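Summary of structural features
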Amino acid sequence: MKHFLADHTIVFDLDLINRYDKTGPRYTSYPTAVQFTEAFGAKDYRNWAYESNNDPLPAPLSLYLHIPFCNTICYYCACNKLVTKDYSKAEAYVQLLKKEIQLQAELFDRDRPVLQMHWGGGTPSYLKNEHIQELLDTIHRHFRFADDDAGEFAIEVDPRTVDAKRIRQLRGFGFNRISFGVQDFNPEVQDAINRVNDKEQIIAVIDAARDAGFKSINIDLMYGLPKQSVASFADTINTTIEVSPDRIAAYNYAHLPEMFKPQRRIDEQELPSPQQKLDMLQQTIALLQAADYVYIGMDHFAKKDDELVRAQDNGSLYRNFQGYSTNADCDVIAMGITAIGRIGDNYSQNTRDLQEYEAILAKNEIPVFRGLELEPDDLLRKEVINQLMCYFRLDIRKLETKWGVDFSLYFEHEFIQLRQMEKDGLIRITQDYIDVLPAGRLLARSVCMEFDRYLQQKQAEQRFSKVI
């Protein structure tokens, strides 16, 4: 099978980073959610769901469930969440989710297998076992799942909400992939972000996940948090390496208190400087590469034998709203407030308001409040961006044949800046390929942004964090 990326090397080039580190989307979709419109509603969603069943080869399905609840507020958080200790709200939400699962299932042919399921939040492990089981029973009544060997069934977990017994129970429920939101092992940093968690307890539940037979274990980390130093974050990275997860995501903390209220509780005087953040990133890359982790892209690292690495090598890697995925062809059915899905060439998002969510479901309607039908130009640019984000390579000839375009003419305007990027050493352009070079891979978002026609609207650019 053809190898898309023979060399996984990345090079930290400070000069390039300083020149190209600007604000931009993370490209979990193209176009991004900023472009969604309320002109797309539940009726459009239903129509496209029915259309998807009539495709010559209907796509398999991926289910996303958004569980918005958290016990406490983490000051760095920019997620869609509801912070409450009143568990009755979660009980009521579970009943609403069950109703939406039923309504969504009615739109899709039963013979379409579910290859993926992802529970995100918020904190999915906030739910009690009885309600997790209740939701899973409902899902399995209405959808046909691939078996454990073929399917990817993932749940995000706050280590503070589980112990070894609970980890075994989650595996028994059928989840075979697990992601732990650790952020940092240092107690002072944890205290500064209001996410205090004993290091030994974190390690214990991660070890328990391995013992329970989870096929993939991910740890989320974050650099740029208050009270972090280059030395302290090195300790966090080294501890993570010792725990030996299959995948590691090391995110840049974007301090945007004007957009996210919890971040206003962070003392800005305690934040690392921009240079310290870059030093943390450079150090993280060096330590993880030395430990034989491969840079997949966009903050994500994986062991050399991980499915993501194999997918990147053989051309089956994809990027969606949950990050990198090994199943490119799934239609994503998103359930719960704020959840974003994709059916065919269309995006949709559920209402953000819990009361409105309840009212819409009471009328037996799908709670989609906005979305987007992609135009041919969107689809072409989406493919360009996905190829660059997943493989650091764009096959120009293959793209021209598929879309019937002359690449250099179609993207004549974009080539002005692309040539400058080539001159600066980010990319290499030939007649057949655009390759993102090792020194440009940390800046792949910047390359993709040149193909994003919506970023010509200045107001959109202000909605995003910086690339690095």
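Described below are features of the structure shown in this document. This is a predicted model, so every value here is computed, not measured. (Residues numbered from 1 in each chain as written. Predicted model: local features only at pLDDT ≥ 70, side-chain atom pairs only at ≥ 80, totals over all residues. Heavy atoms only, no water.)

Attention shifts here to the pattern of salt bridges. Applying the stated criterion to the full structure yields 29 salt bridges. Its salt-bridge partner being Arg-195, residue Asp-158 comes within 3.5 Å of it at the nearest N-O pair. With Asp-158 in the loop between β6 (152-157) and α5 (164-173) and Arg-195 in the loop between α6 (187-192) and α7 (199-212), this residue pair connects regions lying 37 residues apart in the sequence. On the accessibility criterion, Arg-195 (9% relative accessible area) is buried. Here Lys-304 ties to Asp-292 by a salt bridge, and the two come within 3.5 Å at their closest N and O atoms. Here Lys-304, found in the loop between β11 (300-303) and α10 (307-314), pairs with Asp-292, found in the loop between α9 (274-290) and β10 (293-297); they are 12 residues apart in sequence, far enough to count as distant. Through salt bridges with shared partners, a single ionic network connects Glu-375, Asp-377, Asp-378, Arg-381, Glu-414 and Arg-453. (Salt bridge = Lys/Arg side-chain N within 4 Å of Asp/Glu carboxyl O. Helix = DSSP H or I, 4+ residues; strand = E, 2+ residues; numbered from the N terminus. Buried < 20%, exposed > 50% of the residue type's maximum accessible area, 1.4 Å probe, protein only.)

With that settled, the discussion passes to the nonpolar core. Formed by 121 residues in total, the largest nonpolar core has its most connected members in Leu-63, Trp-119, Phe-143, Phe-175, Phe-180, Phe-407 and Ile-434. No other element matches the eight residues that helix α3 (residues 88-105) contributes to this core. The contact partners of Leu-63, leaving out residues within four places of it in the chain, are Val-114, Gln-116, Met-117, His-118, Ile-139, Phe-143, Phe-145, Ile-333 and Met-335. Ranked by size, the runner-up nonpolar core spans 11 residues in total, among them Tyr-75, Ile-193, Tyr-253 and Ile-266. (Core = buried A, V, L, I, M, F, W, Y, C linked by side-chain atoms within 4.5 Å. Contact = heavy atoms within 4.5 Å.)

Turning next to the pairing of β6. On a regular strand, each side chain points to the face opposite its neighbour's, so the side chains alternate between the two faces of the sheet. Counting buried positions along β6 gives five out of six residues, so the element sits mostly inside the fold. Sheet topology note: the strand β4 (residues 113-121)/β6 ladder contains four bridges and is parallel. Residue pairing in the sheet places His-118 in a bridge with Ala-154 of β6. By the bridge criterion, four bridges tie β6 to strand β7 (residues 177-183) in an arrangement that is parallel. In the strand pairing of β7, Ile-155 is matched with Ile-178. (Pairing = 2+ DSSP bridges.)

A few words on the environment of Met-449. If you trace the backbone, Met-449 turns up in helix α16 (residues 444-449). Assessed through its relative accessible area of 7%, Met-449 is described here as buried. Separated by 423 residues in sequence, Met-449 and Arg-26 have C-alpha atoms that sit 9.8 Å apart.

Space inside the second largest pocket adds up to approximately 900 Å³. If you go around the second largest pocket, you meet 34 residues; those closest to its centre are Tyr-318, Ala-328, Asp-329, Glu-383 and Lys-402. Residue assignment for the lining of the second largest pocket shows that the elements contributing at least two residues are α2 (42-53), β15 (340-343), α12 (376-391), β18 (393-395) and α13 (396-403). Counting residues per element, the lining of the second largest pocket draws most heavily on α12, at six residues. Within the lining of the second largest pocket, the residues separate by chemical class into 14 nonpolar, seven polar and 13 charged. (1 Å grid on protein atoms, 1.4 Å probe; cavity = no way out; pocket = protein on both sides within 12 Å on 5 of 7 lines; lining within 4 Å. Points joined across faces, edges and corners; volume = space filled by probe spheres on them. Nonpolar A, V, L, I, M, F, W, Y, C, P; charged D, E, K, R; others polar.)

The amide bond that connects Tyr-30 to the next residue, Pro-31, takes the cis arrangement and shows omega of -10°. Following the sequence through the fold, Pro-31 ends up in the loop between α1 (14-20) and α2. Cis geometry is adopted by the peptide bond preceding Gly-122, which originates at Gly-121 and carries an omega value of 20°. Relative to the helices and strands, Gly-122 resides in the loop between β4 and α4 (129-142). A positive phi angle, close to 75°, is found at Gln-183, a residue other than glycine.

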